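As a plain string of letters, each chain reads:
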Amino acid sequence: IVVCQIGCGVAAKTRLNSITAQGFGNMVFNYGVLQEVVLIVMLVYVPFLHIAFGTENMQGPEWLIPMPFALLILLYDEFRKFVFRNYPDSTFKEYLYF
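Residues numbered from 1 in each chain as written. Predicted model: local features only at pLDDT ≥ 70, side-chain atom pairs only at ≥ 80, totals over all residues. Heavy atoms only, no water.

**Things to note about the packing of aromatic side chains**
For any two aromatic rings, the description comes down to two numbers: the centre-to-centre distance and the angle of the planes.
1) Next: Applying the stated criterion across every chain, the model contains 3 aromatic pairs.
2) Next: Centre to centre, the rings of Phe 79 and Phe 92 are 6.3 Å apart; their planes meet at 70°, and the pair counts as edge-to-face. You can see Phe 79 sitting in helix H5 (residues 67-86) and its partner Phe 92 sitting in helix H6 (residues 91-96), a full 13 residues away along the chain.
3) Next: For Phe 79, a relative accessible area of 49% gives the class partly exposed.
4) Next: Residue Phe 92 is classed as partly exposed on the basis of its relative accessible area, which comes to 27%.
5) Next: Here the aromatic rings of Phe 84 and Phe 92 are separated by 5.8 Å at their centres, their planes lie at 55°, and the arrangement is tilted. (Phe/Tyr/Trp six-rings, centres within 6.5 Å; stacked < 30°, edge-to-face > 60°. Helix = DSSP H or I, 4+ residues; strand = E, 2+ residues; numbered from the N terminus. Buried < 20%, exposed > 50% of the residue type's maximum accessible area, 1.4 Å probe, protein only.)

What follows is the structure in structure tokens.
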């Protein structure tokens, strides 16, 4: 869930700008992502938190399972923004612009 939240957060940073044009200059966002990653790593690997939250250690390859889903979210949103920028009067924008 956390990996997909990061992908969604990166995708939702702007309405029209591509992430390559926008960059990662927002230090509050960057700190939030870092904080989220540290928290999930603690929940997974700190032994006394296993008892409190019912978690257990994960192996390395298990961290890779959500990566394609996060990438899919990011690529879909980049495609959506590309269409909005290049075809501003399309019906696609009418239905999918928030």
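**Comments concerning the pattern of salt bridges**
Any two side chains of opposite charge can pair, on the condition that their charged atoms come close.
1) Next: Considering all chains together, one arrives at 3 salt bridges under this definition.
2) Next: The residue Asp 77 makes a salt bridge to Arg 80 at a minimum N-O spacing of 2.7 Å. In this pair, Asp 77 and Arg 80 are both assigned in helix H5, 3 residues apart and thus about one turn of the helix distant.
3) Next: Owing to a relative accessible area of 9%, Asp 77 belongs among the buried residues under this scheme.
4) Next: A relative accessible area of 4% means that Arg 80 is categorised as buried.
5) Next: One salt-bridge network, in which partners are shared between bridges, spans Asp 77, Glu 78, Arg 80 and Lys 81. (Salt bridge = Lys/Arg side-chain N within 4 Å of Asp/Glu carboxyl O.)

**Quick word on the layout of surface pockets**
1) Next: The volume enclosed by the largest pocket comes to roughly 150 Å³.
2) Next: Surrounding the largest pocket, Ile 1, Val 2, Val 3, Ile 40, Val 44, Met 58, Glu 62, Trp 63, Ile 65 and Pro 66 form its lining.
3) Next: Residues of the lining of the largest pocket, tallied by class, amount to 9 nonpolar, no polar and 1 charged. (1 Å grid on protein atoms, 1.4 Å probe; cavity = no way out; pocket = protein on both sides within 12 Å on 5 of 7 lines; lining within 4 Å. Points joined across faces, edges and corners; volume = space filled by probe spheres on them. Nonpolar A, V, L, I, M, F, W, Y, C, P; charged D, E, K, R; others polar.)

**Structural notes on the environment of Leu 74**
1) Next: By secondary structure assignment, the location of Leu 74 is in helix H5.
2) Next: Sequence-wise, Leu 74 and His 50 are 24 residues apart; in three dimensions their C-alpha atoms are separated by 31 Å.
3) Next: Filtering out sequence-adjacent residues up to four positions away, Leu 74 remains in contact with Gly 7, Val 10 and Ala 11. (Contact = heavy atoms within 4.5 Å.)

**Let's talk about the packing of helix H1 (residues 2-11) against H5**
1) Next: Relative to each other, H1 and H5 sit at 15°, their axes nearing to 8 Å. Classified by the interaxial angle, the pair formed by H1 and H5 is roughly parallel. The hand of the H1/H5 crossing is right-handed. On H5, the residues touching Val 3, Cys 4, Gly 7, Cys 8, Val 10 and Ala 11 of H1 are Met 67, Phe 69, Ala 70, Ile 73, Leu 74, Asp 77 and Lys 81.
2) Next: Each residue belonging to the contact of H1 with H5 can be placed in one class, and the counts come to 10 nonpolar, 1 polar and 2 charged. (Axes fitted to C-alpha atoms, helices over the stretch in contact; angles between N-to-C directions. Parallel < 35°, antiparallel > 145°, perpendicular 65-115°, else oblique. Left-handed = near helix turned anticlockwise from the far one by under 90°.)

Without other data, these values stay purely geometric and don't point to any function.
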